[in-house]
Amino acid sequence: MPTPIYVVDAFTKEPFSGNPAGICILENPAKDNWMQLVAAEMKHAETAFLYRDGEVWNLRWFTPEVEVDLCGHATLASAHILYETGRATHDEVLGFSTKSGLLTAERMHGDQIMLDFPTEEPIQSASELHEQMQLALQTSGIKEIRKNRMDWFVVFETASQVRALQPDFAKVRDLGMRAVIATAQSDDSTYDFISRLFAPQSGIEEDPVTGSAHCALAPYWGAILNKTDMTGFQASSRGGYVSVEWRGDRTSLIGDAVTILSGEFHGSR
């Protein structure tokens, strides 16, 4: 039978901005290699695959090359589709069983959706990578390097340095981990911090808007700015805003989403 499939732009109110995600709604589990092939065919940063499993939805995320442990924008997009298509009621709190534990999503005022995610604080220093990171990001402006369980976390003195980055993606790939998060304090009063994310090691040169990166950005900038509620801007070519609420070992990600395509996938599972 055909599989319902959607494309949703997440962390935006406008089509063709934010971060696009493919969403496959399954009747039952699918084979890993089939999901990877679908993700490669879709060519989005992530394609999500979900099916009802008792009281929760089983949810997995694939880039065009690998499966990942945590993805914010495709979770936001999945929740959006479940609400929009009537698979979930407007006031239902959705539970997602994932490789990063139980995640939840709920509708707020208007059409915004709030995700409850684990905090991924970048607490371990990686200063020994300073020279290699400079070569990979082709810059001398690095202030600090840290990491968490998934990503390298690189802090810059100014937001303009982050905007100007033109990485050598082959060298970034050689760094390993899932991705490199580049960040600085905002120079614009409409948001608190700026970021970009480079992940050629996961099959994505630059991710447009990365919800899960904000699980690291929130605790880092929250401690520096002495704030728990903040807004981040991811300065990719598409761009997008992520509101965060940092609550210790959990971080809420808040954003909008818009469906731009719906159809059926006919590849055999």
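Residues numbered from 1 in each chain as written. Predicted model: local features only at pLDDT ≥ 70, side-chain atom pairs only at ≥ 80, totals over all residues. Heavy atoms only, no water.

Turning our attention to the pattern of salt bridges. Counting across every chain of the model gives 16 salt bridges. Residue Arg60 pairs with Asp32 through a salt bridge whose shortest N-O separation is 3.0 Å. Linking Arg60 in strand E4 (residues 56-62) with Asp32 in helix H1 (residues 32-42), this pair joins segments that are 28 residues apart in sequence. Relative accessible area serves as the criterion here: at 41%, Asp32 is assigned to the partly exposed category. For Arg60, the salt bridge goes to Glu67, with nearest N and O atoms at 2.8 Å. Its relative accessible area of 23% is what places Glu67 among the partly exposed residues. What emerges from the salt-bridge pattern is a single network uniting Asp32, Arg60, Glu67 and Lys99. (Salt bridge = Lys/Arg side-chain N within 4 Å of Asp/Glu carboxyl O. Helix = DSSP H or I, 4+ residues; strand = E, 2+ residues; numbered from the N terminus. Buried < 20%, exposed > 50% of the residue type's maximum accessible area, 1.4 Å probe, protein only.)

Inspection of the entire model under this criterion finds 10 aromatic pairs. Ring geometry for Phe193 versus Trp221: centroids 6.5 Å apart, planes at 10°, classification stacked. Here the residue Phe193 occupies a position in strand E13 (residues 193-199), and Trp221 occupies one in helix H6 (residues 214-225), the gap between them amounting to 28 residues. Comparing Phe193 with Trp221 shows no difference in burial state: the two are buried. Between Phe233 and Tyr241 the ring centres are 4.9 Å apart and the planes differ by 40°, which places this aromatic pair in the tilted class. Its relative accessible area of 17% is what places Phe233 among the buried residues. Taken together, the aromatic side chains of Trp34, Phe49, Phe62 and Phe265 make up a single cluster linked through ring pairs. (Phe/Tyr/Trp six-rings, centres within 6.5 Å; stacked < 30°, edge-to-face > 60°.)

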